[in-house]
Amino acid sequence: MSTNRKRLSGDQYKKIAKLKSEKLHNVLNKTHKLTDFFKNPASTSDSCSSNSSTNTIDIPKKTDAQVSETTISLSVEVDNIEPEDSCGSNGLTNMIVNEIIFETDPVKWVINDEFRDYVAKNGFNQNMTNGFINSKRVYCDKTRYLTNIMFNRRLINGEIIVRSWLVYSPSLGVVFCGPCRIFQTSLETHFVTEGFNDWKNAISRFSYHENSKEHRDAIINLKHRGNVLGRIDYSLIKQLDTEIEYWRNVLKRVVETIKSLASRGLPFRGHDSCFGSVHNGNYLMSLELIAKFYPFLADHIVRFGNKGSGSTSYLSHVVCDEFILLMMKKLKHNIVKELKISKYFSISIDSTPDISHVDKLSFMVRYVLETGLPVERFLCFVSNPGHKALDLTNAITNTLKSHDIDISDCRGQSYDNASNMSGQYSGVQARIKEINPLVYYVPCSAHSLNLVGISSAESCSQASMFFGFIQQLYNFFSASTHRWSILQLNMKHNANTIKSLSNTRWSARADACRALYNSWDEIINALVTIKDDIFEKCATRNESNGLYNQMQKLETSFMVIFWNYILERFNASNKQLQCVEIGNDKVSQIYTSLINLVQKPRDNFNEYETKAKKISKITEYNVDITRQKKKKIHFDEKAEQTELSGGDKFRVETFYVIIDKITNELEKRHQSYKTFCDLFEVLLKITSLNSLKIVESAEKLQKMYPNDLDNTFSSECLHLQSYLLNSNIDIDINILTPITLCQYLREKSLHIEIFPNVDTALRIFISVPVSNCTTERSFSCLNRVKNYLRSTQNDEKLNSLALFSIENEMLKELNCEDLIDAFAKTKCRRKPIV
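These numbers were taken from a predicted model, which means no experiment stands behind them. (Residues numbered from 1 in each chain as written. Predicted model: local features only at pLDDT ≥ 70, side-chain atom pairs only at ≥ 80, totals over all residues. Heavy atoms only, no water.)

## Let's talk about the overall build of the protein chain
- Within the protein chain one finds 34 helices and 15 strands.
- Looking at the protein chain as a whole, 43% of its 834 residues are labelled buried.
- Pairs at least 24 apart in sequence give 68% of the contacts found in the protein chain among residues at least 6 apart.
- Carbon and sulfur atoms make up 51% of the accessible area of the protein chain, which amounts to about 46,600 Å² in all. (Helix = DSSP H or I, 4+ residues; strand = E, 2+ residues; numbered from the N terminus. Buried < 20%, exposed > 50% of the residue type's maximum accessible area, 1.4 Å probe, protein only. Contact = heavy atoms within 4.5 Å. Areas by Shrake-Rupley, 256 points an atom, 1.4 Å probe, with all protein chains shown as cover.)

## Regarding unusual backbone geometry
- Despite not being glycine, N127 shows a phi value in the positive range, around 60°.
- Take N127: it is sitting in the loop between α3 (113-122) and β5 (137-138).
- N127 gets classed as buried once you look at its relative accessible area, which sits at 1%.
- Of note in this structure, K343 is not a glycine but carries a positive phi near 75°.
- Among the structural elements, K343 can be located in the loop between α11 (317-342) and β11 (345-353).

## Thoughts on the sheet that holds strand β14 (residues 410-414)
- Ordered in space as β13-β12-β11-β14-β15, the 5 strands form an open sheet in which the pairing is mixed. Where the open sheet ends on each side, the last strands, each with one partner, are β13 (374-383) and β15 (440-441).
- Pairing between β14 and β15: 2 bridges, direction parallel. Its bridge partner being in β15, Q413 is matched across the sheet by Y441.
- Contacts from helix α12 (residues 389-402) reach β11, β12 (359-368) and β13 within the one sheet, and its direction differs from that of β12 by about 55°.
- Docked against the sheet, helix α30 (residues 756-767) engages β11, β12, β13 and β14, running at close to 155° with respect to β12. (Pairing = 2+ DSSP bridges. Axes fitted to C-alpha atoms, helices over the stretch in contact; angles between N-to-C directions.)

## Digging into the packing of aromatic side chains
- Taken as a whole, this structure holds 43 aromatic pairs when the rule is applied.
- Summarising the aromatic geometry, the rings of F132 and F151 are spaced 5.9 Å apart at their centres and angled 20° between planes, so their arrangement reads as stacked. Separated by 19 residues along the polypeptide, F132 in the loop between α3 and β5 and F151 in the loop between β6 (143-144) and β7 (152-154) bring together distant segments of the chain. The burial state of F132 is the same as that of F151; both residues are buried.
- A centroid spacing of 5.9 Å and a plane angle of 25° characterise the contact between Y415 and Y441, whose relative ring orientation is stacked. In this pair, Y415 sits in the loop between β14 and α13 (419-422) while Y441 sits in strand β15, placing the two residues 26 residues apart along the sequence. Across the pair, exposure class does not vary: Y415 and Y441 are buried alike. (Phe/Tyr/Trp six-rings, centres within 6.5 Å; stacked < 30°, edge-to-face > 60°.)

Right, here's the structure in full:
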């Protein structure tokens, strides 16, 4: 169905045109004209003007006589304007002005921004018409004065240029450089502070000064300031600068709030985004807290806080997310920049499921800082990489490519001991070696030590039963608050309460074993109290009685003392192996010391047995006081059977088995670290090897890394040995390690010109990781950043917040001004004209 548009009459068209014209006229009347923003000095000369509606600046013109005065008066505008009746009916006004006096004598100048603005726009008086009577200076040959000729400069082509920068001080009789004095340059104090009056050498000194860089910079600054002040849009520029400064101050507080919350892994948003609400989240709450002590931010929140979409406030969650993304890019750029400066790096990965049951692969890199210290940095979490070796290898290579990191510079890799990671034929480490054969694989030393403990704990039935008993004891008391209170009452003088075991952290086993050893009598008293209480349930009393009987065995007390000795040293070593500032040489030393430590108790069985009898007050083994089942002898067997006592049987079947198992496991896992250290023997034993051995070991290492070390490496090692053995150096060679040596060479600036190959070899050795504990620590951050209330956040934001929390020290060093500039560039709407 078609409809015809109704045609208007000519009179109606005229009315519509008239309404449009009136509307446009009203808009133009309300809009400020360009002259409203700027001042016209000539307009102040008219006493009455019907079009005068703005204030002006009055800069009176000076005659020659007036210029000779010692002051300059400047009239400025003020806001107090009263109407004057004598101006007629046009509403003319009379300005009340304030006098600002500027001295013409450079000695009396009060240098501030207002004075600089005046000089930049109007120039300064050189005081050439006052005469130079006070400039008298007596030399040995004659008396000299300042002359007008000195204010001119003759060029090589004969042209004469006025030295407009030179200004005379009538009070002291000296000359100054006006621009240098205004901007306080420090090239020559005579032209800036004291004044110059060496008229005999004036021309040469003037020429030297005016050709200096500081003088030229001062002239440029003065002219630039004058150009800005003299522009027709100066007021607009000033207004724009004020507006920019205002919003920059707002963004500074926003950025610092984001950095503080992100560095601690705290959530940002709440249930709503309203200022004043108790459910608005940590981000808005922090801004409200800052606003209580800063009226600037408080006023901004009142004006723009809850205006909603379409209003610019820079306080919304959208701006917050944009800054998080900018900070993440900047932080990753800094990490990659550090890595490329170091050149050599190593990788470490590990995976775990997050709260939303998505597998997250944590990616870490290790490299050497410019100071010589190693550092391990978090890069990102990779979602769903897969668990097969091929999938994990592709995830590694793709991650390195996305961060513009060349895998050819990789020299080490460290993972846990899972078969898909550490497999020597088709594991991740083997596939990475196919890409780059120089990537040396080092199994995680902390994981290896845990596996040694697990293997030894399962080596015999007594060891397995002992750790099971510790867990049963903890479960019994922790299952009921009543039982736990009874335990605490018996331990009122002992703070070492019982602990639970852990399958992944063997430090928990050390704590549990130590607590049982230190609280042996208190635990027995608590068990006796429960098993003798007739008001307790029968099952509780029976369970307590069973645990009590287990503690009344000499075998149990012996295992407590022995395992407390072993696990205490294992725990201390494990914590040391998790440090970032440790090299493979220390790992090898720690494993060697543990092997020697475990071997010592082998001949001290009687000593441990005596201690066990002392704390348990039991003198016989359970085998000796219980009836033993006799083995049936067949017709073809001999009747003589060797019967061992309880002590001998425990020593042979339990004590020796545990010690031998720990020793064998330590030696087997120690071999991988020893092999790697043997390659760098020339650096690890630089002060103790003879010259032939140094050359042989250096050539071996040079052949291992032919593209990194040249043929002069052996001679550098010999030179380094003689340098270190010199008694004048300020480093103790007895505690020399690759890390301390690398730091020393860089501190003394010897790593570039004298020992470049040694520094390269040290960086390769230090960059190879000893464990992937830093990678596993990122899982704790993952649990904090992505919990059940934040399970829907995307990968980009998760990686950003995790990076901020893990690398919080680098986050603190980010420049707030740079972030705001980057944010401003992303918001710029200007388009280039084609």
